[in-house]
Amino acid sequence: MWVATALTVALAALPLYAGPVARLLHPEGAGPALSAGENAATLRVNIPGMDCAACAVNIQRTLRKVEGVARAEVVFKTKEAVIDYDPARISPEKIVAVIDETGFKAEPLERKQ
């Protein structure tokens, strides 16, 4: 009975510690080497369906693996992502599609070049 209670409490607290554990397993520096070029552009997107910090880490990790993405920062509290990318290698529509493939709908906010 005690084991079941401990397991239930641990699962109920999962949203509280999932984000820090995910960041521990996948540190900020993990991912492809970043290169800033003169063709850099920034895309901000809103991700309203993101419901936990672990979701933000998963989306960020997925974006960082995409060729043409130089930097991706996904913030759970604001439900937004800021992506620096090379427009010669990837389009904003493709970036939104990559986020959509993670199971969350992305809505572009603004684009800077």
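The preceding data block contains the structure.
Below is a short write-up of the structure. What you see is a predicted model, and the numbers here were worked out from it, not measured in a lab.

As for the overall build of the chain
Argument step 1. Within the chain one finds 4 helices and 4 strands.
Argument step 2. Mapped in sequence order, the helices and strands of the chain form the string α-α-β-α-β-β-α-β.
Argument step 3. Each of the 113 residues in the chain was classed as buried or not, and the buried ones make up 31%.
Argument step 4. Summarising the internal contacts of the chain: among those between residues at least 6 apart in sequence, 68% fall at separations of at least 24.
Argument step 5. Carbon and sulfur atoms form 61% of the exposed surface of the chain, whose accessible area is close to 7200 Å².

Observations concerning helix H3 (residues 53-64)
Argument step 1. Taking 1.5 Å of rise per residue, 12 residues should cover 16 Å, and H3 covers 17 Å from first to last C-alpha, within 8% of that figure.
Argument step 2. Within H3, the full set of buried residues consists of Ala53, Cys55, Ala56, Val57, Ile59, Gln60, Leu63 and Arg64.

Points about the nonpolar core
Argument step 1. In this structure, Val45, Ile47, Leu63, Ile83 and Ile99 are the most contacted members of the largest nonpolar core, which totals 24 residues.
Argument step 2. For this core, the secondary-structure elements that each account for two or more residues are strand S1 (41-46), H3, strand S2 (69-75), strand S3 (80-85) and helix H4 (92-101).

Remarks on the packing of H3 against H4
Argument step 1. In contact at an axis separation of 10 Å, H3 and H4 are set at 135 degrees when each is read in the N-to-C sense. Here H4 runs oblique to H3, going by the angle between their axes. For the element pair H3 and H4, the recorded crossing hand is right-handed. Mapping the contact onto sequence places Ile59, Thr62 and Leu63 in H3 and Ile95, Val98 and Ile99 in H4.
Argument step 2. Across the contact of H3 with H4, the residue classes break down as 5 nonpolar, 1 polar and no charged.

Cut-offs applied
- Residues numbered from 1 in each chain as written.
- Predicted model: local features only at pLDDT ≥ 70, side-chain atom pairs only at ≥ 80, totals over all residues.
- Heavy atoms only, no water.
- Helix = DSSP H or I, 4+ residues; strand = E, 2+ residues; numbered from the N terminus.
- Buried < 20%, exposed > 50% of the residue type's maximum accessible area, 1.4 Å probe, protein only.
- Contact = heavy atoms within 4.5 Å.
- Areas by Shrake-Rupley, 256 points an atom, 1.4 Å probe, with all protein chains shown as cover.
- Expected span 1.5 Å × (residues − 1).
- Core = buried A, V, L, I, M, F, W, Y, C linked by side-chain atoms within 4.5 Å.
- Axes fitted to C-alpha atoms, helices over the stretch in contact; angles between N-to-C directions.
- Parallel < 35°, antiparallel > 145°, perpendicular 65-115°, else oblique.
- Left-handed = near helix turned anticlockwise from the far one by under 90°.
- Nonpolar A, V, L, I, M, F, W, Y, C, P; charged D, E, K, R; others polar.

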